[in-house]
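These are the residues of each chain, in order.
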Amino acid sequence: MGISVEYDYDPTADVRLAEEAYAGLSDALPESDIDPADIESPACTVVARRDGSLLGWAQVYAVVDDEPAAFVQWLLVSRARGHATSGHNVLRDPTEEETDALVRLLRGAAEHARDAGYTALVWTDTDRSLDARAAAELGAPSAEDLGRHWTTTAPLADWRAPAGLPSVTTRRMPQPPGDALLSAYAALHTEATGRAVSPEEVPERPLDGPYPLLTLDLLTPQGELSAQVTAAIPGDGAFIGRVLHRKDVGDEQVTALLTELIAQLRRDHPQVTHLEVREVDDPVVARSLNSMGLQITGHWRSYRLPLQT
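Here's what I pulled together on the structure shown here. Note that the structure is a prediction, hence the values are computed from the model and not measured. (Residues numbered from 1 in each chain as written. Predicted model: local features only at pLDDT ≥ 70, side-chain atom pairs only at ≥ 80, totals over all residues. Heavy atoms only, no water.)

## Regarding the overall build of the chain
Right, so step 1: In terms of helices and strands, the chain carries seven helices and twelve strands.
Right, so step 2: Within the chain, contacts between residues at least 6 apart in sequence are counted, and of these 71% link residues at least 24 apart.
Right, so step 3: When the accessible surface of the chain is summed, it comes to about 15600 Å², and 50% of that surface belongs to carbon and sulfur atoms. (Helix = DSSP H or I, 4+ residues; strand = E, 2+ residues; numbered from the N terminus. Contact = heavy atoms within 4.5 Å. Areas by Shrake-Rupley, 256 points an atom, 1.4 Å probe, with all protein chains shown as cover.)

Spelled out as structure tokens, the structure:
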């Protein structure tokens with residue numbers, strides 16, 4: 001049988017679906033401290049199944065924009081379970097079933113959005129190879145380049161730091177951080193991301209979870225926090241989701257921070273052979289990564305599917 005799609009209008013549908021998707025993996029998943037009451041409820045959840053087996057789901061949200069657009073966020077069970085056990089996005093190419101399932105989910109989301117009066121469906125990369133395939137099949141052009149993925153080109157053991165880097169002070173994130181540090185981390189996250197972050201939202205124990213994490217802080221000569229980077233280490237690769245830094249931090253300081261991170265990876269995680277960094281449209285980080293010899297290996301994009309009324 002083919003893939004079937006159903007619509008669920010229960011705002012907590014994803015809780016039931018997640019229990020089904022992650023069956024048998026509960027011990028591998030970190031617990032969430034997020035209060036469901038603080039999360040925007042989706043207008044609709046589109047669910048894909050084959051012969052009753054859950055393939056994935058997509059949730060549709062309203063977007064405040066110049067035109068009535070809907071935002072969709074999706075999850076495929078096969079990719080999500082792979083992420084849960086490995087600690088990073090699945091690196092293999094998408095299967096035909098995965099591509100078909102995502103296309104069906106996005107089409108279902110588009111139909112709901114169109115019927116609700118929206119003129120476009122937008123989404124951002126969740127799994128860049130899979131999103132690109134689905135967008136091409138749906139005829140959804142890339143609307144915006146949000147960032148890039150940079151990767152070392154030689155074994156990490158052979159990497160050499162650029163000459164002339166400034167001397168900097170770094171530390172591993174204290175465990176557990178006190179209230180004053182949590183406030184400092186929240187202020188850094190707020191300045192770096194442009195989104196208000198409270199001390200309660202800062203993870204107090206980043207080493208908890210199914211795989212090792214290494215978090216380094218960059219300090220000013222006065223001992224104040226100026227940047228932070230966290231590397232996930234699921235196996236032979238290390239992955240950085242974002243380099244957080246204050247506006248007065250330059251690319252050479254970022255390079256010095258990343259150089260120290262690589263030194264600690266070599267010392268404490270010698271199995272790591274490569275480093276990947278996601279740069280979120282940040283010229284300072286881009287200059288740093290370029291000076292370190294990393295190369296762009298992928299793009300993080302948003303997609304926009306116009307809806308015919």
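## What to know about the pairing of strand β5 (residues 120-124)
Right, so step 1: Summarising burial for β5: four of the five residues are buried, a large majority.
Right, so step 2: Judged from the three bridges that link them, strand β4 (residues 69-76) and β5 form a sheet pairing that is parallel. When the bridges of β5 are listed, Phe-71 appears paired with Val-122.
Right, so step 3: Pairing between β5 and strand β12 (residues 295-306): five bridges, direction antiparallel. Opposite Trp-123, over in β12, you have Tyr-303 as the bridge partner. (Buried < 20%, exposed > 50% of the residue type's maximum accessible area, 1.4 Å probe, protein only. Pairing = 2+ DSSP bridges.)

## Side note on helix α3 (residues 96-115)
Right, so step 1: Between its first and last C-alpha, α3 extends 29 Å over 20 residues, near the 28 Å set by a 1.5 Å rise per residue.
Right, so step 2: Within α3, burial applies to Glu-98, Thr-99, Ala-101, Leu-102, Val-103, Leu-105, Leu-106, Gly-108, Ala-109, Ala-110, His-112 and Ala-113.
Right, so step 3: The first or second residue beyond α3 is Gly-117, which carries a positive phi of 95°. (Expected span 1.5 Å × (residues − 1).)

## Quick notes on the packing of aromatic side chains
Right, so step 1: With the rule as written, the count across this model stands at one aromatic pair.
Right, so step 2: Positioned above the aromatic ring of Trp-300 is the side chain of Arg-278, whose terminal nitrogen or guanidinium carbon lies 4.1 Å from the ring centre. (Phe/Tyr/Trp six-rings, centres within 6.5 Å; stacked < 30°, edge-to-face > 60°. Lys NZ or Arg CZ within 6 Å of the ring centre and 35° of its normal.)

## Considering the nonpolar core
Right, so step 1: Counting 30 residues, the largest nonpolar core has Val-72, Leu-121 and Trp-123 as its most contacted members.
Right, so step 2: In terms of residues, this core owes the most to one element, α3, which gives eight residues.
Right, so step 3: With sequence-adjacent residues up to four places away left out, Trp-123 is seen in contact with Phe-71, Val-72, Trp-74, Leu-106, Asp-131, Ala-135, Leu-138, Ala-140, Arg-301, Ser-302, Tyr-303 and Leu-305.
Right, so step 4: One finds Trp-159, Ala-238, Leu-275 and Val-284 within the second-largest nonpolar core, a separate group that totals 29 residues. (Core = buried A, V, L, I, M, F, W, Y, C linked by side-chain atoms within 4.5 Å.)

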